[in-house]
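Results of the structural survey
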Amino acid sequence: MSDQAVAKLLRSPEPLVIIEAAAGCGKTYQGAAYAQEVVGAIGDGRLLILTHTHAACSVFAERTKKAGSRVEIKTIDALIAQIALAYHKPLDLPRDLTSWALRDGGRGFEIMATKVAGFLRNQPMVARALARRYPVIVCDEHQDSSVDQHSVVMSLLSAGATVRIFGDPMQRIYGAKSDKAAREDRARWDALKAQGAGERLITPHRWQTGCPLLGAWVIEARENLERGTQIDLTRGLPPSVRVLVGNNTARMRTGYQLSKEHRAPIDKVLRSSPQLMVLASQNDLVAALRAFWFRAVPIWEGHTRNALGALVQTLRDGHGNPEALALGVISFMGSVAAGFSLSSHGDRLLQEIRTGAARPTIGKPANIQAVARCLLNNPSHTGVSDALAKITALVKDSAAGFDTVKIDHGSELRDAVRIGQFSGPDEGFAEVSRMRSYSHPSLPKKVLSSIHKAKGLECDHSMLMACDKAQFTSTLYAKSKMYVALSRAKKSLTLVVPTSNPSPLFKVH
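Residues numbered from 1 in each chain as written. Predicted model: local features only at pLDDT ≥ 70, side-chain atom pairs only at ≥ 80, totals over all residues. Heavy atoms only, no water.

1. What about the packing of aromatic side chains?
What describes a pair of aromatic rings is the distance from one ring centre to the other and the angle between the planes of the rings. Heads up, the condition is: Planes of paired rings set the category: under 30 degrees apart is stacked, over 60 is edge-to-face and the rest tilted, where pairs are Phe, Tyr or Trp rings (Trp by its six-membered ring) whose centres lie within 6.5 Å. Two thresholds decide whether a charge sits over a ring: the Lys NZ or Arg CZ must be within 6 Å of the ring centre and within 35 degrees of the ring normal.
Counted according to the given criterion, the structure contains 4 aromatic pairs. Feature note: the residues Tyr256, Phe292 and Trp293 constitute an aromatic cluster, connected by ring pairs. One Lys or Arg, arginine 206, reaches over the ring of tryptophan 207 and ends 5.8 Å from the middle of that ring. The residue whose ring lies beneath lysine 481 is phenylalanine 472, and the NZ or CZ to ring-centre distance is 5.6 Å.

2. Some points on helix 4 (residues 76-86)
The cut-off we apply is this: Any residue under 20% of the maximum accessible area for its type is buried, any over 50% is exposed, and the rest in between are partly exposed; the area is computed with a 1.4 Å probe on protein chains only. A helix here means a DSSP run of H or I that spans at least four residues, while a strand means a run of E at least two residues long, and both kinds are numbered starting from the N terminus. Directions are taken from the helix axis to each C-beta atom, and the arc is the one they span. Should any heavy atoms of two residues lie within 4.5 Å, those residues are counted as being in contact.
Of all the residues in helix 4, the buried ones are Ile76, Leu79, Ile80, Ile83 and Ala84. The buried residues of helix 4 occupy one face: seen down the axis, they fall within an arc of 135 degrees. Packing partners of the buried residues in helix 4 comprise strand 2 (47-51), strand 3 (71-75), helix 5 (97-101), helix 6 (107-122), helix 7 (124-133) and helix 8 (147-158).

3. Considerations on the environment of alanine 307
Topologically, alanine 307 is positioned in helix 13 (residues 306-317). The sequence separation of alanine 307 and methionine 465 amounts to 158 residues, and the corresponding C-alpha distance is 25 Å. Residue contacts for alanine 307: discarding those within four places in its chain leaves Phe332, Ser335, Val336 and Glu412.

4. Some words on the packing of helix 4 against helix 6
To be explicit about the condition: Simply put, an axis is a line fit to the C-alpha atoms, just over the touching stretch for a helix, and the angle between two N-to-C directions goes from 0 to 180 degrees. The handedness criterion is simple: a crossing whose near helix is rotated anticlockwise from the far helix by less than a right angle is left-handed, and one whose near helix is rotated clockwise is right-handed. Classification used: nonpolar for Ala, Val, Leu, Ile, Met, Phe, Trp, Tyr, Cys and Pro, charged for Asp, Glu, Lys and Arg, polar for all others including Gly.
In the contact formed by helix 4 and helix 6, the axes pass within 9 Å of each other and the chain directions differ by 65 degrees. Our pair here, helix 4 against helix 6, has a crossing hand that is left-handed. Across from Asp77, Ile80, Ala81, Ile83 and Ala84 in helix 4, the residues of helix 6 making contact are Phe109, Met112, Ala113, Val116 and Leu120. Tallied by class, residues from the contact of helix 4 with helix 6 come to 9 nonpolar, no polar and 1 charged.

5. What to know about the pattern of salt bridges
Quick note on the threshold: Salt-bridge detection follows one rule: a side-chain nitrogen of Lys or Arg within 4 Å of a carboxyl oxygen of Asp or Glu.
If you walk through the whole model with that rule in mind, you get 30 salt bridges. In this structure, glutamate 458 and arginine 206 form a salt bridge, with 2.9 Å as the shortest nitrogen-oxygen distance. With glutamate 458 in the loop between helix 20 (451-454) and strand 13 (459-464) and arginine 206 in the loop between strand 6 (197-201) and helix 10 (212-227), the pair connects residues that are 252 residues apart, well separated along the chain. Overlapping salt bridges, with partners in common, bring together Lys27, Asp140, Glu141, Asp144 and Lys455 in one network.

6. Details of the nonpolar core
Our working definition: The set of buried Ala, Val, Leu, Ile, Met, Phe, Trp, Tyr and Cys residues whose side-chain atoms join them within 4.5 Å is what this entry labels a nonpolar core.
Of all hydrophobic cores here, the largest spans 61 residues; its most connected members are Leu47, Trp217, Leu464, Leu486 and Leu495. Residues within four places of leucine 495 in sequence aside, it is in contact with Trp217, Leu233, Arg242, Val243, Leu244, Leu464, Cys467, Leu486 and Phe506. Formed by 37 residues, the second largest nonpolar core is a distinct cluster that contains Leu91, Tyr134, Met154 and Trp189.

7. Considering unusual backbone geometry
One non-glycine residue, glutamate 141, adopts positive backbone phi at about 50 degrees. Positionally, glutamate 141 belongs in the loop between strand 4 (136-139) and helix 8. The backbone of serine 398 sits at a positive phi, close to 50 degrees, despite the residue not being glycine. Within the secondary structure, serine 398 is located in the loop between helix 17 (381-396) and strand 11 (406-407).

8. Section: the side chain of histidine 88
You can see histidine 88 is positioned in the loop between helix 4 and helix 5. Contact partners of histidine 88, with chain neighbours within four places excluded, come to Leu93, Pro94 and Arg95.

9. Side note on the sheet that holds strand 12 (residues 446-450)
In plain terms, the rule: Any two strands with at least two DSSP-identified bridges between them are counted as paired.
The sheet built from 5 strands is open, its strands ordered 8-14-13-9-12 with parallel pairing. At either end of the open sheet lies a strand with only one pairing partner, and these are strand 8 (241-245) and strand 12. Sheet twist, expressed as the mean angle between neighbouring strand axes with direction ignored, is 20 degrees. Of the strand pairs in this sheet, strand 9 (residues 276-280) and strand 13 are connected by 3 bridges, and their pairing is parallel. Bridging from a neighbouring strand, leucine 279 pairs with leucine 464 of strand 13. Together, strand 8, strand 9, strand 12, strand 13 and strand 14 (489-497) form the strand contacts of helix 11 (residues 260-272), whose direction differs from that of strand 8 by roughly 145 degrees. Sheet strands in contact with helix 12 (residues 283-292) are strand 9 and strand 12, and its direction is about 155 degrees off that of strand 12.

10. Let's talk about the state of the cysteines
Put simply, the test is: Count a disulfide wherever a pair of cysteine sulfur atoms falls within 2.5 Å.
Evaluated as defined, the whole model comprises 0 disulfides. The closest cysteine sulfur to the non-disulfide-bonded cysteine 139 is located on cysteine 57, 12 Å from its own sulfur. For cysteine 139, a relative accessible area of 2% corresponds to the buried category. Cysteine cysteine 459 is unpaired, with the sulfur of cysteine 211 as its nearest cysteine sulfur at 13 Å. Of the residues examined, cysteine 459 reaches a relative accessible area of 5% and is grouped as buried.

11. Overview of the packing of helix 14 (residues 322-336) against helix 15 (residues 342-354)
Condition: Any angle between 65 and 115 degrees counts as roughly perpendicular, while under 35 counts as roughly parallel, over 145 as roughly antiparallel, and the rest as oblique.
Running from amino to carboxyl end, helix 14 crosses helix 15 at an angle of 165 degrees, the nearest separation of the two axes being 10 Å. Judged by the inter-axis angle, helix 14 sits roughly antiparallel to helix 15. Crossing geometry of helix 14 relative to helix 15 is assigned as right-handed. Across the interface between the two elements, Pro322, Glu323, Ala326, Leu327 and Ile330 from helix 14 touch Leu342, Gly346, Leu349, Leu350, Ile353 and Arg354 from helix 15. The class makeup of the residues in the contact of helix 14 with helix 15 is 8 nonpolar, 1 polar and 2 charged.

See the structure below:
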């Protein structure tokens, strides 16, 4: 369907419109343009844009800024948390939802979504009040919604809100990873399309100012992945798509190492590109690539970072217990830095805690002892903040025993240090999370990122590393992850593919 026809359908009186749009085909443009145009005709209410990532929130905020405060933009988790906070008593949820929800890897958000979805179904009066506040709702990347998140949106539709949904089943990379779950999600998406008026966006706008041939190739690759056929790398590649060989020779499962022959052209791509996003399938590989380039390329940390959430739980549970807090520091540092582990620093730190850091010592042991004293003198979130600040200073000064520690996630470490400025860990975590939501950091010119954290972003040039069978199998989830990776770059794409165990998604000979 043409862009003009989709724009007309969005502005029609249909209560529910579903637009399926491949990556780069203008869904954000259409959603933002629609929001800015209709916001003046909704009375006292506000137009609500729901996304699944904070990166998408930033994009919509930039594109709807002319509408001012009449447009509210938030993640669907944030909307659910807003409802849960207002009705936490009948929902039997704690008052401090921010830190609670992020415990156990964010499982609290799933619990909240289930409770809020049921609450809105059973309390239509609340749903109607929300529909009056948000008479028009635009849902972005709705294919990533869970059953409960989707139920919340449908409750607002039933209560009278006008709902416009954008999505692409081929970009579903959140949620369960099994083929069964992916098929269930696709069936749910198809059922949703049957409920309302729907069309597709098919024009690859992202590449019109970059490389149109790359855009056409990405669209063809998408069709191959959907059909279950391989993406042919042996012929028909546009000049903007390069395939380089890279056989990983690292002995460690989480390592990445190449021969000089294979490494040279990859290094050349990094050096010669004015901007480059290097994408990897998993966090372990991102860390390995950070070491591969001698930590010269920063990691894109994004908004969602789990290490701090785990540390805050330790701060809460281990208050007053220096040894428990030390274990939390060791685990946290292992997540944000290389060269700091239980064997390298942790065992000695625990020893100093148990002996009261009383024995005179020099060098590395003395520096670790200084960290231990922070915890012994103040076994609280403030003491942990002091300990992490001490570690940061020791690393910066290349002090004895800390000269080999390399910080990979500096934002996460700085946020952990900031927790000590607040009256308690939960208060600090809530403020840090709030500030993360409102900050819109820009991508470095050259950056490493997992595919998940790159979702919703675009760049001029990208390189997908380790296109092997371990990183990309033939599952539906792997196909979606591959498609998200292929569709980020506007001008050029480099694929690093091994000859020994290439991904079955590619035809290489």
